[in-house]
Amino acid sequence: MSVDMQYYRHCVQSLVQVGSDLYHRGWSPATSSNYSLRVDANHCAITVSGKHKGALTADDIMLVDLDGRPCMDKKPSAETALHVWLYRRYPQVGAVLHTHSQTATILTRLKGGDRLRLQGYELQKAFAGVATHEGELALPVFENSQDIAALASEVDAWLAEHDNPWAYLIRGHGIYAWGETLDDCMRHLEALEYLLACELEVLRIKGVNA
Ligand SMILES: [Zn+2]
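Keep in mind that this is a model prediction, so the values were computed, not measured. (Residues numbered from 1 in each chain as written. Predicted model: local features only at pLDDT ≥ 70, side-chain atom pairs only at ≥ 80, totals over all residues. Heavy atoms only, no water.)

1. A look at the packing of helix α3 (residues 102-110) against helix α5 (residues 182-206)
For step 1, the next point in the chain: One way to put it is that α3 packs onto α5 with a least axis distance of 9 Å and a crossing angle of 50 degrees. With respect to their mutual orientation, α3 and α5 come out oblique. Relative to α5, the crossing made by α3 is left-handed. Here Thr103, Ala104, Ile106, Leu107 and Leu110 of α3 come into contact with α5, specifically with Glu193, Leu196, Ala197, Glu199, Leu200 and Leu203.
For step 2, the next point in the chain: Among the residues making up the contact of α3 with α5, the classes are represented as eight nonpolar, one polar and two charged. (Axes fitted to C-alpha atoms, helices over the stretch in contact; angles between N-to-C directions. Helix = DSSP H or I, 4+ residues; strand = E, 2+ residues; numbered from the N terminus. Parallel < 35°, antiparallel > 145°, perpendicular 65-115°, else oblique. Left-handed = near helix turned anticlockwise from the far one by under 90°. Contact = heavy atoms within 4.5 Å. Nonpolar A, V, L, I, M, F, W, Y, C, P; charged D, E, K, R; others polar.)

Right, dumping it as structure tokens:
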């Protein structure tokens with residue numbers, strides 16, 4: 001089946017806009033981060049490698065298949081595997097945003113452990129399927145790695161054993177968030193950034209060892 005290029009171009013424009021938005025929030029400094037949108041059952045649009053996310057143009061986005069193979073003569077993001085594995089695992093997922101905020105970077109370095117546990121925050125309800133602040137939102141934290149294929153399979157093995165968390169963290173690195181639509185994904189990312197900022201502020205007040 002051929003790709004609907006008109007829809008692809010719509011995705012490209014959305015990703016250009018989201019790059020500007022996330023850069024100006026301070027969540028995608030330098031040339032870090034990468035963003036993608038599902039185009040169809042077998043393809044996604046994703047940012048190319050190494051571009052400044054505050055100044056993306058349509059040329060900085062490309063089509064890849066869900067095995068991460070380029071469908072255009074461009075170089076996809078180094079972390080493409082982390083995106084396409086999410087689309088393969090969750091057929092309903094339409095958007096993946098990966099950011100490198102200072103808050104996520106510092107908090108995952110300060111706090112050890114393989115889960116970030118959030119409890120008692122009203123905004124936990126921003127995550128799809130969460131109806132109350134009373135439960136615990138326990139997001140996985142993976143150790144950073146330059147071996148993206150190994151990291152992607154580690155993440156996927158974790159996801160296979162748990163309910164969809166809609167986001168995970170990589171220590172000293174950043175956040176992966178996803179959603180059925182770009183708006184859903186942005187809501188998850190924005191809520192998580194807010195919750196992480198709250199947690200970091202609590203540590204600042206109470207001290208890391210309190
Ligand atoms: Zn990254």
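2. Looking at the pairing of strand β8 (residues 174-179)
For step 1, the next point in the chain: When you tally the buried positions in β8, you get six out of six residues, the bulk of the element.
For step 2, the next point in the chain: In the sheet, strand β4 (residues 95-99) pairs with β8 via five bridges, with the strands oriented antiparallel. Looking at the pairing, Val96 lines up with Trp178 of β8.
For step 3, the next point in the chain: When strand β7 (residues 167-170) meets β8, the two strands line up antiparallel, connected through four bridges. Its bridge partner being in β8, Tyr168 is matched across the sheet by Tyr176.
For step 4, the next point in the chain: Linking β7 to β8, which pair antiparallel, is a turn of three residues; within it Gly172 sits at a positive phi near 65 degrees. (Buried < 20%, exposed > 50% of the residue type's maximum accessible area, 1.4 Å probe, protein only. Pairing = 2+ DSSP bridges.)

In short, shape yes, function no, at least from these values alone.
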